[in-house]
Amino acid sequence: MACVRLPRRVLRLTLIFVVVAVSFAALQVLAFSLPHEPIRRHAAQSIPQLEVEGTSYKPFLDIVSYRLDNYTDATMVSVAVSNPEMSAVESALACYRAPAGSATEGDGPLASLRNAAAGNWDGATAYARYWHGYQVVLRPALLFFSYPAIRYLNLLVFAASLGALLYLIMRRLGSAVAVVLVVSLLWVSLL
């Protein structure tokens, strides 16, 4: 009996893998099909904030747990700008980033973002990594908001989600469990 089920299970898992991979690629291509100019403009508006903060900004009480990863964020925004001369398929699958200049010129991903916003794509490199599924959310958000505004929007969504979660926990499990959750979140963040 077990031998009969194995091939069906393998077929089902293979089918699930193919559907997920095709869906991911389709969503990436769709995200990179969005209009280029508003994304480029909002990315350019993000540069001053990232320049002030640097690559490892701690906005709250100088606590390491609250460090923002502006190094990766600048890279992601740079990739989101994309080269308008490339097809959506090529941009989505290769995730090109603009050149960052030499190590003596300084700031890596931020220099890449400056070059992308300025349209300097000479020497661009493919930079597809495991986190580029984030472009499916980042590129549509950059149509309407700059990076700092996306941060605030993310904070509001997180706070609303946490508030809703605490409300549901209090209704179903009681106030004590909600307090324990809040204390544990604070404890983990402050260490």
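Residues numbered from 1 in each chain as written. Predicted model: local features only at pLDDT ≥ 70, side-chain atom pairs only at ≥ 80, totals over all residues. Heavy atoms only, no water.

Asker: A description of the pattern of salt bridges should follow, citing residues and the corresponding values.
Answerer: Inspection of the entire model under this criterion finds 3 salt bridges. The partner of Arg40 in a salt bridge is Glu37, and the shortest N-O contact between them spans 2.6 Å. Residue Arg40 and its partner Glu37 are located together in helix 2 (residues 36–53), separated by 3 residues, close to a single helical turn. Arg40 gets classed as partly exposed once you look at its relative accessible area, which sits at 21%. (Salt bridge = Lys/Arg side-chain N within 4 Å of Asp/Glu carboxyl O. Helix = DSSP H or I, 4+ residues; strand = E, 2+ residues; numbered from the N terminus. Buried < 20%, exposed > 50% of the residue type's maximum accessible area, 1.4 Å probe, protein only.)

Asker: How would you explain the confidence of the model for the protein chain if you had to name every residue and give the values?
Answerer: Low pLDDT marks regions whose predicted coordinates should not be analysed in detail. Residues with a pLDDT of 70 or more make up 88% of the protein chain, whose mean pLDDT is 86. Model confidence for the protein chain, summarised as mean pLDDT per element, is weakest for strand 1 (residues 56–57) at 73 and strongest for helix 6 (residues 135–144) at 95. (pLDDT = per-residue confidence, 0-100.)

Asker: Tell me about a nonpolar patch on the surface, and please be specific about residues and values.
Answerer: On the surface, Phe144, Phe145, Leu153 and Val157 cluster together to form a nonpolar patch covering roughly 390 Å² of accessible area. Within the secondary structure, Val157 is located in helix 7 (residues 147–172). (Patch = residues over 30% accessible without salt bridge, like charges linked within 9 Å, V, L, I, M, F, W, Y side chains within 5 Å. Areas by Shrake-Rupley, 256 points an atom, 1.4 Å probe, with all protein chains shown as cover.)

Asker: Run through unusual backbone geometry, naming residues and quoting values.
Answerer: Peptide bonds are, in most cases, trans, and in most cases residues other than glycine have a negative phi. You will see that Ser82, though not glycine, has its phi angle at about 55°, which is positive. Mapped onto the elements, Ser82 comes out in the loop between helix 3 (70–81) and helix 4 (88–94).

Asker: Would you mind going over the nonpolar core in detail, with residue names and values included?
Answerer: Among soluble globular proteins, nonpolar side chains are generally buried collectively. Leu50, Val77, Val81, Leu113, Trp121, Leu138 and Leu142 are the most contacted members of the largest nonpolar core, which has 23 residues in total. Within the residue set of this core, elements represented by two or more residues are helix 2, helix 3, helix 5 (109–118), helix 6 and helix 7. By residue number, the principal contributor to this core is helix 3, which donates 5 residues. Beyond its immediate stretch of four places on either side in the chain, Leu50 contacts Asn70, Ala74, Leu110, Leu113, Tyr147 and Arg151. (Core = buried A, V, L, I, M, F, W, Y, C linked by side-chain atoms within 4.5 Å. Contact = heavy atoms within 4.5 Å.)

Asker: Got a sec to walk through the packing of helix 2 against helix 5? Specific residues and values, please.
Answerer: Packing of helix 2 against helix 5 leaves a shortest axis separation of 9 Å and a crossing angle of 150°. In terms of axis orientation, helix 2 runs roughly antiparallel to helix 5. The way helix 2 lies across helix 5 gives a crossing that is left-handed. Contacts between helix 2 and helix 5 pair Arg40, Ala43, Ala44, Ile47, Leu50 and Glu51 from the former with Leu110, Leu113, Arg114, Ala116 and Ala117 from the latter. Of the residues in the contact of helix 2 with helix 5, the class split is 8 nonpolar, no polar and 3 charged. (Axes fitted to C-alpha atoms, helices over the stretch in contact; angles between N-to-C directions. Parallel < 35°, antiparallel > 145°, perpendicular 65-115°, else oblique. Left-handed = near helix turned anticlockwise from the far one by under 90°. Nonpolar A, V, L, I, M, F, W, Y, C, P; charged D, E, K, R; others polar.)

Asker: Residue-level account of helix 7, with values.
Answerer: Here helix 7 contains 26 residues, and its C-alpha end-to-end distance of 37 Å stays within 8% of the 38 Å for a straight helix at 1.5 Å per residue. Buried residues of helix 7: Tyr147, Pro148, Ile150, Leu166 and Ile169, and no others. One or two residues past the end of helix 7 sits Gly174, with phi positive at roughly 105°. (Expected span 1.5 Å × (residues − 1).)

Asker: Quick rundown of the side chain of Ser78? Include the residues and the values.
Answerer: Note that Ser78 resides in helix 3. On the basis of relative accessibility, which here comes to 0%, the residue Ser78 falls in the buried class. A distance of 2.9 Å separates a polar atom in the side chain of Ser78 from a polar atom in the side chain of Ser112. Residues within four places of Ser78 in sequence aside, it is in contact with Arg97, Ala98, Ser112, Leu113, Ala116 and Trp121. (Polar contact = N/O pair within 3.5 Å; in protein donor to acceptor, adjacent residues only side chain to side chain.)

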